[in-house]
Amino acid sequence: MASGLPLRHPAQGFNASQQLIKSDRGGMLTMSDDNVMMKQIVGTHAPDGREIDVKPLLHLVEDILKRATLQIDTSLTAHAELEDTTHQVNFVSMIDALSYTIDRISCEIAYKALGGTDAHATTVSLCNLLPSYSWEAKLVLTMAAFALNYGEFWLLAQIYSSNELAKSMAILKQLPSIIEHSGPLKARFDALNNLIKVMMDVTRCVVGFKGLPTSYISQEVPALSTAMTHIPTAVYWTMRSVVACAAQITAITTMGHEFSISTTDVWELSTLAYKLNNILEHLRKQLAACYEYIDEKRNVETFQMLKNLFEMIHIDNMKVLKALIYAKDDIQPLIDGSSKKRVHLDVLRRKNVLLLISGLDISNDELSILEQIYNESRQHGARLDSQYELVWVPIMDHSVQWSDTVNEKFKSMQSSMPWFTVYHPSVIEKPVIRFIKEVWHFRNKPILVVLDPQGKLVCPNALHMMWIWGSNAFPFTSLREESLWREETWRLELLVNGIDPVILNWIKEGKYIFLYGGDDIEWVRKFTNNARAVAKEARVPLEMVYVGKSSKREKIRRLMATITAEKLSYIWQDLTMIWFFWTRIESMLYSKIQLGKLDDHDPMMQEIKKLLSYNREGGWAVLSKGSNVVVNGHSSTVLPTLVEYDLWKDQVPNKGFDLAFQDHHRTIHGISHPCCRFDFPMTMGRIPKTMKCPECNNTMEKFSTFLCCHDEIIPDSSSI
């Protein structure tokens, strides 16, 4: 032949490949001055400003390399489905523009691998082929060129047994022999696969930096500027790893399975994988820091958007609800409590929406009473049913691990609710949680935020008025709350409405009624026995009901059993009724605080504050004649009034039992002033700066208290 390529014996090709592998090993061991090496690489970099979206090409490379995996013990299967990008016009045109460059790189790698060129020199030559491309484009193009050769090798390996054309080509590449003796080569291919995986991870990471939104982050941010200085190094060592992998494949196809006999050492590949892993770990930390920075910027932006949103006027509530719950249309973010099916936010369009915001620690008592009120409102038919919807918005700290136990608790709570629920806490984004906490004062204690059909906030927490007035508080606006308070008076119905019809019947009958509480059984015995004896002597119809205490649940349960056994008085058997009684009383105070109308001269609020204070300090009793409250007193004044009946019984015929009792109690109260105390949990959200004592009208002292109550689990034999 007059001209052509020089003939080369297979052993010469093998020796050249071995020379490349050895030179690569030597280079890694002897090139100590990375700065000199990287200066040479950076010197080849002369970007012309062209922008290439390499992500579609990267997806293609990923798919090829995932499928091109030797599986010794199992059949070859597809690892992942490639995104349907190959039919997109932009993708096709990009491949057309880059295919020549990819082929050039592929040929350069193959030629240098056969020629035994030094690995560093080969990498530099690749960089010289790609001077005008950005760093991530250089890397993805090089990976694409490698995937082309590596993919062809494994495509033939996978189909040669069933395709005659592939079989002939495979024979030329000695593939049947390689596959037949693949056992000894397993360590070699394992090392290759491990290095290729790290190469892909680094490539994804480098491309990830390119994809960062410039509107939220700039190179002045330390994490990004640090990463930018290390990306050329990452690109260089990944490209150099491509060269090493290509050399291994060339050596295998040149010498076949005999290659494993000549060389079983995988040090070159392992060393490169180790070095790339170190680079990857550093880049991932910087990328995570960049994402965190961007998230924070976006969260601030979203938080401000939410604040602005509630200052605008809207034609309906959808914009507000989407901002609060879920902005996209790709999923159904709600579960319908009645059908248990997923639904879109559209079911809430132009309706009054009550957002029940809580953690997973909302009590069964709260859910039970709320469900009762909700179901009662539904029984009113069209008058209320179509006018408001309730939605549970579960708030969870995103830093808390979502365990199976937490998931089971959430699912159990969700399934028990008859109203709409957000299908998973993760739907609620961080800036929304911040908004709920900072603007709506959510502190883990449940709140019920009311939005009108246009999405306007009409009440920051309607839970208080719902506890007090139930569905009568509809449409649950702050204006309605104020209106209901103007209609209220200090009467027994205010304390017991919606709890026990028995007491309401006593009120209708005009009976004297003692509501009493506390946790001292000896005081209860003395009080009930004296009250019964006085009523008998005064010949007045008297009923008594024990309403317990807002805390010490187990102790109250035992005390109730004693009251029943000794037939001391009527009791509420269901502890939920006791919980609701005290929750309603507390809600009366919180409602006034929320409205900013905690008037220290309002007689009704003074009585409510007294009752809450007495609940914290010993026993107490409220005496009414029918609806009219006669006395609201502490144990230290009510019991002595009964014990001293002989001192005031002569006044009963003239004044009546109620006024005579009231006058003598006032006399004792003038001598004995019980301490007043109010406890506001930090989870309440709104705490008054000052309060005046309902007994003496002096400004009360303010303390910070750390409390740990064990009455639920440890039997308590003494009063606290």
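Quick caveat: nothing in here was measured; it's all calculated off a predicted structure. (Residues numbered from 1 in each chain as written. Predicted model: local features only at pLDDT ≥ 70, side-chain atom pairs only at ≥ 80, totals over all residues. Heavy atoms only, no water.)

**Here we look at the overall build of the protein chain**
Okay, so step 1: On a plain count of helices and strands, the protein chain comes out with 29 helices and 12 strands.
Okay, so step 2: Of all 720 residues assigned to the protein chain, the portion counted as buried reaches 51%.
Okay, so step 3: For the protein chain, restricting intrachain contacts to residue pairs at least 6 apart in sequence, the fraction spanning at least 24 positions comes to 73%. (Helix = DSSP H or I, 4+ residues; strand = E, 2+ residues; numbered from the N terminus. Buried < 20%, exposed > 50% of the residue type's maximum accessible area, 1.4 Å probe, protein only. Contact = heavy atoms within 4.5 Å.)

**Let's talk about the nonpolar core**
Okay, so step 1: Counting residues in hydrophobic clusters, the biggest one holds 101 residues, and the most contacted among them are L515, F581 and F657.
Okay, so step 2: Of all the elements, helix α24 (residues 575-595) adds the most residues to this core, at 12 residues.
Okay, so step 3: Mapped onto the domain boundaries, this core takes at least three residues apiece from domain 2 (317-473) and domain 3 (492-707).
Okay, so step 4: Setting aside residues up to four positions removed in sequence, L515 forms contacts with L492, L495, V496, I503, V545, V547, F581, W620, A621 and V622. (Core = buried A, V, L, I, M, F, W, Y, C linked by side-chain atoms within 4.5 Å. Domains from an automatic or database assignment.)

**Details of the environment of I335**
Okay, so step 1: Secondary-structure assignment places I335 in strand β1 (residues 334-335).
Okay, so step 2: For the pair I335 and P418, spaced 83 residues apart in the sequence, the C-alpha separation amounts to 9.9 Å.
Okay, so step 3: Excluding its chain neighbours within four sequence positions, the residues that come into contact with I335 are K340, K341, R342, Q414, W419, F420, T421 and Y423.

**Digging into the packing of aromatic side chains**
Okay, so step 1: On inspection of all chains with the given rule, the structure shows 30 aromatic pairs.
Okay, so step 2: Here F310 and F435 contribute two aromatic rings whose centre-to-centre distance is 5.5 Å and whose plane-to-plane angle is 15 degrees, an arrangement assigned as stacked. One end of the pair, F310, is in the loop between α12 (267-309) and α13 (318-324); the other, F435, is in helix α17 (residues 430-438), with 125 residues separating them in the sequence. Like F435, F310 is buried.
Okay, so step 3: Consider the rings of W523 and F527, whose centres lie 5.0 Å apart with planes at 5 degrees: the pair is stacked. Of this pair, W523 and F527 both sit in helix α22 (residues 521-538), 4 residues apart, which is roughly one turn of that helix. Per residue, the accessibility class of W523 equals that of F527, and both read buried.
Okay, so step 4: Each member of the aromatic cluster is reached from another via a ring pair, and the members are Y512, F514, Y516, W523, F527, Y546, Y645, W648, F657 and F661.
Okay, so step 5: Across the ring face of F303, the terminal group of R434 is positioned such that the distance to the ring centre comes to 3.8 Å. (Phe/Tyr/Trp six-rings, centres within 6.5 Å; stacked < 30°, edge-to-face > 60°. Lys NZ or Arg CZ within 6 Å of the ring centre and 35° of its normal.)

**Looking at the pattern of salt bridges**
Okay, so step 1: For the structure on display, the rule yields 25 salt bridges.
Okay, so step 2: We note a salt bridge from R491 to E493, for which the minimum N-O separation is 3.8 Å.
Okay, so step 3: Its salt-bridge partner being K511, residue E509 comes within 3.4 Å of it at the nearest N-O pair.
Okay, so step 4: The network of salt bridges with common partners includes E62, K197, D201, R204 and R284. (Salt bridge = Lys/Arg side-chain N within 4 Å of Asp/Glu carboxyl O.)

**A closer look at the side chain of E62**
Okay, so step 1: When you line up the elements, E62 lands in helix α3 (residues 55-67).
Okay, so step 2: A distance of 2.3 Å separates the side chain of E62 from the side chain of R204, its partner in a polar contact.
Okay, so step 3: If we ignore the near neighbours within four places in the chain, the residues touching E62 are M200 and R204. (Polar contact = N/O pair within 3.5 Å; in protein donor to acceptor, adjacent residues only side chain to side chain.)

**As for unusual backbone geometry**
Okay, so step 1: The residue after F474, namely P475, is reached through a cis peptide bond having omega 10 degrees.
Okay, so step 2: The topology assignment puts P475 in the loop between α18 (463-469) and α19 (478-487).
Okay, so step 3: The phi torsion at F476 lies on the positive side, around 60 degrees, for a residue other than glycine.
Okay, so step 4: Here F476 is to be found in the loop between α18 and α19.
Okay, so step 5: The exposure class of F476 is buried, given its relative accessible area of 0%.

**So, the pairing of strand β3 (residues 352-358)**
Okay, so step 1: Judged by how many residues are buried, β3 sits mostly within the fold: 7 of 7 residues are covered.
Okay, so step 2: Two elements, β3 and strand β4 (residues 388-394), share 7 bridges in a ladder whose sense is parallel. When the bridges of β4 are listed, N352 appears paired with Y388. (Pairing = 2+ DSSP bridges.)

**Overview of the confidence of the model for the protein chain**
The predicted coordinates ought not to be read in detail in places where the model reports low pLDDT.
Okay, so step 1: Predicted confidence across the protein chain gives a mean pLDDT of 81, with 79% of residues reaching 70 or more.
Okay, so step 2: Summarising per-element confidence for the protein chain, the mean pLDDT is lowest in helix α1 (residues 10-30) (43) and highest in strand β5 (residues 420-422) (96).
Okay, so step 3: Confidence over residues 1-32 falls short of pLDDT 50; this stretch has 56 contacts with residues more than four positions distant or in other chains. (pLDDT = per-residue confidence, 0-100.)

**Regarding the sheet that holds β1**
Okay, so step 1: Read across the sheet, 7 strands follow the order β2-β1-β5-β4-β3-β6-β7 without closing on themselves; strand pairing throughout is mixed. Of all strands in the sheet, those with a lone pairing partner are β2 (342-343) and β7 (457-459), marking the two edges.
Okay, so step 2: Relative to β2, β1 runs antiparallel, the two being bridged by 2 bridges. Counted as the bridge partner of I335 is R342 from β2.
Okay, so step 3: Sheet strands in contact with helix α14 (residues 364-378) are β3 and β4, and its direction is about 155 degrees off that of β4. (Axes fitted to C-alpha atoms, helices over the stretch in contact; angles between N-to-C directions.)

**Concerning the environment of I196**
Okay, so step 1: Take I196: it is sitting in helix α9 (residues 182-210).
Okay, so step 2: Owing to a relative accessible area of 5%, I196 belongs among the buried residues under this scheme.
Okay, so step 3: Once residues lying within four places of it in the same chain are set aside, the contact partners of I196 are L65, F146, Y150 and C245.

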